[in-house]
Amino acid sequence: MIEVNNLSFTYPKAKAPTLKGLNFSIAKGEIFGFLGPSGAGKSTAQKVLYKILPGYSGDINIDGKPLANWGKEYFEQIGVGFELPNHYLKLTGKENLELFASFYPKENMRNLPELFELVGLEDAINQKVSDYSKGMKMRLNFIRAIMHNPSILFFDEPTSGLDPANAFKIKELINELKAQGKTIFITTHNMDTADQLCDRVSFIVDGEIRITEEPAVLKHQHGEHKVVAESKTGQVKEFEIEQLGSNSSFLEFIKNNELESINSKDATLEQVFMNVTGKALKI
Amino acid sequence: MNQLLKVAITDFKLVFRDPSLRIFLVLPALILVVILIALPALVEAYPVVEEYVPIVLMGGMTQAPTMFGFIYCVVFIDEKDTQVAKMYGVVPVSKKGFVVYRLLFPFVFASLVTWLMLVVQPFYELPMASIALLSFITGLVTPIMALSVAVFSKNKMEGMTWYKIINLLVTLPLAAFFIPKFGEAFGIIPTYWMFKGLNDLIASSSILVPALVAFAFSIVIIAVLVRRHAIVHFRD
């Protein structure tokens, strides 16, 4: 459980704060996402939470205990998946993981060959990381973050640099971690990742949270309350959702046409983001 | 201990798998060849050189520590370049403690090579206990070199420039023995006291004062550098 109240942070020598009074909480077993453009403060917020950036103001509690009161045992509880691959290129994938595994209690460690298999890197386990593609390095980032079975996970752009199949696999694995009761904090500018993974998202722009809500609720709230029906012949018609069951033109349309699809006219998360923040989700 | 060994082995692999660093590992053997074979031959051919043997030994004494220091500063800068350093920022280990015990092995190796050089040099009979003390203190140049270059440099190019500057500073106090009148002006650099220790040892004087000053001076510098390194190395 992560609770953040009025979190502000200013980088040394910066004139303006990067984070301006953030308030949010992440429950156990929840995937929470920060969605925002580059430079919005997403990664900075994570760095404060994983104690790499000191000198913040506000209250942060991790499992009911102030962040400042956690010692090095905090790092046994957390796993961090960095935005960019960061490994020793001259070491093999296995050597990289074995090195960092040596910092954690043995009893918590997951089986390394199984982890490599989990992300399809079993054939590259003894290959030097310099020979890995970016996607392979990102998958190595991912298994390094989870190898010590942490209860809180931070993923910064977890699907960045991955092909669609591997991005899907990583999203599946993150959902499995959620099912195991892990607390998961994701930052992304990728609306699909946020939409598919997050139970709740916060839109963050210029260091401020503009809104926090479930993606489905946001899309519904900002969408048109209509359904779009398309017939097999290509005829498309829109109908108000309210009283749809007694809408005679709708009933006539579905009676007289063989349907191809019916969809609600929800907004996309990107449209909601632009409506709420007035900004586009640029990289 | 297990963790310390793991990190030391990894560091060795990183050095050994880098062709540009691997070559430095033969340097200790080269120093010994110079001290055991080349220098005696030179003295025999040109007796005037004998007067300068203590200065050559002083210079040789810091070669292994600066070499190991250079190797480790490259490893540190590489960690920054590849951002692996950030990973050490989120593992359950004391950052300052990690920096200290990571430099323990190169310090020990540098001290051993310096000790061996002073033991096998064929010019003077030096007391073993004093050699050990002096080698131990001279080994402290390794962490000073590695940390100062890593702290001041953002990348390998800057690292090379800083290495040259720090190496010059380490060697500069040798000048004190050419201009004894102003010799103690070089006392603001810790290696001056190490060199003076060897000079006093050769002259059969006590090395206690220079050894103590060199030790205290080096420890203060290392403490400041470890603190700074622990702050800057594990962040962006």
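Refer to the structure above for everything that follows.
Here is a short report on the structure shown in this document.

Calculation rules
Residues numbered from 1 in each chain as written. Chains lettered and ligands numbered in written order. Predicted model: local features only at pLDDT ≥ 70, side-chain atom pairs only at ≥ 80, totals over all residues. Heavy atoms only, no water. Core = buried A, V, L, I, M, F, W, Y, C linked by side-chain atoms within 4.5 Å. Buried < 20%, exposed > 50% of the residue type's maximum accessible area, 1.4 Å probe, protein only. Helix = DSSP H or I, 4+ residues; strand = E, 2+ residues; numbered from the N terminus. Contact = heavy atoms within 4.5 Å. Pairing = 2+ DSSP bridges. Salt bridge = Lys/Arg side-chain N within 4 Å of Asp/Glu carboxyl O. Patch = residues over 30% accessible without salt bridge, like charges linked within 9 Å, V, L, I, M, F, W, Y side chains within 5 Å. Areas by Shrake-Rupley, 256 points an atom, 1.4 Å probe, with all protein chains shown as cover. Axes fitted to C-alpha atoms, helices over the stretch in contact; angles between N-to-C directions. Phe/Tyr/Trp six-rings, centres within 6.5 Å; stacked < 30°, edge-to-face > 60°. Expected span 1.5 Å × (residues − 1). Arc of directions from axis to C-beta. Polar contact = N/O pair within 3.5 Å; in protein donor to acceptor, adjacent residues only side chain to side chain. Parallel < 35°, antiparallel > 145°, perpendicular 65-115°, else oblique. Nonpolar A, V, L, I, M, F, W, Y, C, P; charged D, E, K, R; others polar. Buried area = accessible area lost by both parts, 1.4 Å probe.

### Describing the nonpolar core
- Among the nonpolar cores identified, the biggest contains 152 residues, and Phe100(A), Phe142(A), Phe154(A), Phe155(A) and Leu198(B) are the most heavily contacted of them.
- Considering every element that reaches this core, the biggest residue donor is helix α5 (residues 63-81) of chain B, with 11 residues.
- Sequence-distant contacts of Phe142(A), defined by excluding residues within four places in its chain, comprise Val119(A), Phe155(A), Ile170(A), Leu173(A), Ile174(A) and Leu177(A).
- Within the second largest apolar cluster, six residues are counted, among which are Ala229(A), Leu244(A), Phe250(A) and Phe253(A).

### Remarks on the sheet that holds strand β2 (residues 19-26) of chain A
- On the basis of which strands lie adjacent, the open sheet formed by four strands has the order β2-β1-β4-β5 (chain A) and antiparallel pairing. Each having just a single partner strand, β2 and β5 (65-66) of chain A make up the two edges of the open sheet.

### What to know about the pattern of salt bridges
- Under the criterion given, the structure shown has 19 salt bridges over all chains.
- The salt bridge involving Lys13(B) is made with Glu95(A); its shortest N-O contact spans 3.1 Å. Separated into two different chains, Lys13(B) in helix α1 (residues 2-16) and Glu95(A) in helix α3 (residues 93-101) make up a pair that spans both.
- Glu95(A) gets classed as buried once you look at its relative accessible area, which sits at 15%.
- Bridged by salt links that share partners, the residues Lys90(A), Asp18(B), Asp78(B) and Lys156(B) form one connected network.

### Things to note about unusual backbone geometry
Residues and elements named next belong to chain B.
- With a phi close to 65°, Gln83 is a non-glycine residue in the positive phi region.
- Within the secondary structure, Gln83 sits in the loop between α5 and α6 (84-88).
- For Ser204, which is not glycine, the phi torsion reads 60° and is therefore positive.
- Position of Ser204 relative to the elements: it lies in the loop between α12 (190-202) and α13 (208-232).

### Comments concerning a nonpolar patch on the surface
All names here are of chain B.
- A cluster of nonpolar side chains, Leu42, Tyr46, Val48, Tyr52, Val56, Phe178, Ile179 and Phe182, forms an exposed patch at the surface whose accessible area comes to about 780 Å².
- Counting through the fold element by element, Leu42 comes out in helix α3 (residues 27-45).
- Assessed through its relative accessible area of 39%, Leu42 is described here as partly exposed.

### Points about the sheet that holds strand β12 (residues 236-240) of chain A
Residue and element names in this part refer to chain A.
- Ordered in space as β12-β11-β13, the three strands form an open sheet in which the pairing is antiparallel. One side of each edge strand has no neighbouring strand; the edge strands of this open sheet are β12 and β13 (259-264). Strand-to-strand twist in this sheet, taken as the mean axis angle between neighbours without regard to direction, amounts to 20°.

### Here we look at the packing of aromatic side chains
- Per the counting criterion, the structure on display carries 36 aromatic pairs over all chains.
- Consider the rings of Phe103(A) and Tyr88(B), whose centres lie 6.0 Å apart with planes at 85°: the pair is edge-to-face. Taken together, the residues Phe103(A) in the loop between α3 and α4 (112-118) and Tyr88(B) in helix α6 connect one chain to another.
- Ring-pair connections join several aromatic residues into one group, and the members of that group are Phe24(A), Phe32(A), Phe34(A), Tyr50(A), Phe82(A), Phe154(A) and Phe185(A).

### Considerations on helix α6 (residues 164-179) of chain A
All names here are of chain A.
- Here α6 is 16 residues long and its end C-alpha atoms lie 23 Å apart, about the 22 Å a rise of 1.5 Å per residue gives.
- All of the buried residues in α6 are Asn166, Ala167, Ile170, Lys171, Leu173, Ile174 and Leu177. Along the axis of α6, the buried positions cluster into a sector of 160°, meaning they face one direction only. The outward face of α6, more than 90 degrees from its buried face, is lined by the exposed residues Pro164, Ala165, Phe168 and Ala179.
- Buried residues along α6 sit against β3 (31-35), α4, α5 (134-146), β7 (152-156), β8 (183-188) and α7 (191-197).
- Capping the start of α6 is the job of one residue whose side-chain oxygen sits 3.0 Å from the backbone nitrogen of Ala165: Asp163.
- Directly beyond the C-terminal end of α6, a positive phi value near 90° is found at Gly181.

### Side note on the environment of Gly223(A)
All names here are of chain A.
- With respect to the helices, strands and loops of the structure, Gly223 is situated in the loop between α8 (215-221) and β11 (226-231).
- The buried category is assigned to Gly223, whose relative accessible area is 14%.
- Spatially, the C-alpha atom of Gly223 lies 19 Å from that of Asp199, the residues being 24 residues apart in sequence.
- Ignoring any residue separated from it by four or fewer positions in sequence, one finds Gly223 in contact with Lys265, Asp266 and Ala267.

### Observations concerning the packing of α5(A) against α6(A)
Residue and element names in this part refer to chain A.
- It is at 11 Å that the axes of α5 and α6 come closest, and there the two elements cross at 10°. Classified by the angle their axes make, α5 and α6 are roughly parallel. On the side of α5, the interface is formed by Arg139, Phe142 and Ile146, while α6 contributes Asn166, Ile170, Leu173, Ile174 and Leu177.
- Here the residues of the contact of α5 with α6 are counted per class, giving six nonpolar, one polar and one charged.

### Quick look at the interface of chain A and chain B
- Counting residues at the interface gives 29 residues for chain A and 29 residues for chain B.
- Three residues stand out in chain A for area buried against chain B, namely Tyr88(A), Lys90(A) and Phe103(A), and they jointly supply 27% of the buried area on that side.
- Where chain A meets chain B, there are five salt bridges.
- Between Lys90(A) and Asp18(B) there is a salt bridge, with its nearest N and O atoms 3.4 Å apart.
- On inspection of chain A and its partner chain B, the count reaches eight residue pairs in polar contact (both at pLDDT 80 or more).
- Of all the secondary structure elements, the ones that give two or more residues to the side of chain A that touches chain B are α2 (74-77) and α3 of chain A.
- Here the side of chain A that touches chain B takes four residues from α3(A), the largest share from any one element.

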